[in-house]
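One-letter residues, chain by chain:
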Amino acid sequence: MTIDGIWSYTPDSGHAEGQDLTDYAVLTADGTLGHVEREADPHGMRHLVVDTGVWLFGRSAVVPVGIVTGVDHADRKVTLGCTGDEVKEAPRFHTDSETTDPAYLTAVGDHYRRLTPRGTPSV
């Protein structure tokens, strides 16, 4: 298993190590996606679990932190460098055990790694 930048915050993201992002709003290039439910880092594969509420019919999504393009601590917002549809197209998250499964997380990383960089809303 190769660990790469998809699992790390970019230096210019505004992320502050140790800062809890729980309940921050999550924005995509085309609107609000939901809020951060939690952050996890199993096997060095750091990611956010995002509660999408009714947007994705009440399901949560797993997003590698390398997709985060901005963190605004004052307004409690996280901006992703993708669209809501691109999050929806990622491998489906069914159970909490998947957030620690290297094979599932590898599939999630592969999905996001293939995306074309997009413009993002400012936070």
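Everything below is about the structure printed above this text.
Everything numeric in this text was worked out from a predicted model, so none of it was measured.

Participant: Sorry if this is basic, but what is going on with helix α2 (residues 102–113) here?
Facilitator: One full turn of an α-helix is made of 3.6 residues, so residues set three or four places apart face in the same direction. Between its first and last C-alpha, α2 extends 16 Å over 12 residues, near the 16 Å set by a 1.5 Å rise per residue. Buried residues along α2 sit against β3 (47–51), β4 (60–64) and α1 (84–88).

Participant: Can you walk me through the pattern of salt bridges in this structure?
Facilitator: Once the charged atoms of two side chains with opposite charge are near each other, the side chains can pair. Summed over the entire model, instances satisfying the criterion amount to 5 salt bridges. With its nearest N and O atoms 3.0 Å apart, the salt bridge here joins arginine 46 to glutamate 17. With arginine 46 in the loop between β2 (31–40) and β3 and glutamate 17 in the segment before β1 (25–28), this pair connects stretches of sequence that are 29 residues apart. Residue glutamate 17 is classed as exposed on the basis of its relative accessible area of 64%.

Participant: Got a minute to help me understand the nonpolar core in this structure?
Facilitator: Across soluble globular proteins, you tend to see nonpolar side chains buried next to one another. Of all hydrophobic cores here, the largest spans 30 residues; its most connected members are Leu21, Leu48, Val78, Leu80 and Tyr112. Those elements that provide at least two residues to this core are β2, β3, β4, β5 (68–72), β6 (77–80) and α2. Here this core takes 4 residues from α2, the largest share from any one element. Those residues within four positions of leucine 48 in sequence are excluded, and the remaining contacts are Tyr9, Leu21, Val36, Arg38, Glu39, Ala61, Val62, Val63, Val65, Val68 and Val78.

Participant: Looking at this structure, how should I read unusual backbone geometry?
Facilitator: Excluding glycine, a negative phi dihedral is what most residues carry, and trans is how most peptide bonds are arranged. Within the chain, aspartate 23 stands out as a residue other than glycine whose phi angle is a positive 75°. Position of aspartate 23 relative to the elements: it lies in the segment before β1. Despite not being glycine, histidine 43 shows a phi value in the positive range, around 60°. Take histidine 43: it is sitting in the loop between β2 and β3.

What counts and what doesn't
- Residues numbered from 1 in each chain as written.
- Predicted model: local features only at pLDDT ≥ 70, side-chain atom pairs only at ≥ 80, totals over all residues.
- Heavy atoms only, no water.
- Helix = DSSP H or I, 4+ residues; strand = E, 2+ residues; numbered from the N terminus.
- Expected span 1.5 Å × (residues − 1).
- Contact = heavy atoms within 4.5 Å.
- Salt bridge = Lys/Arg side-chain N within 4 Å of Asp/Glu carboxyl O.
- Buried < 20%, exposed > 50% of the residue type's maximum accessible area, 1.4 Å probe, protein only.
- Core = buried A, V, L, I, M, F, W, Y, C linked by side-chain atoms within 4.5 Å.

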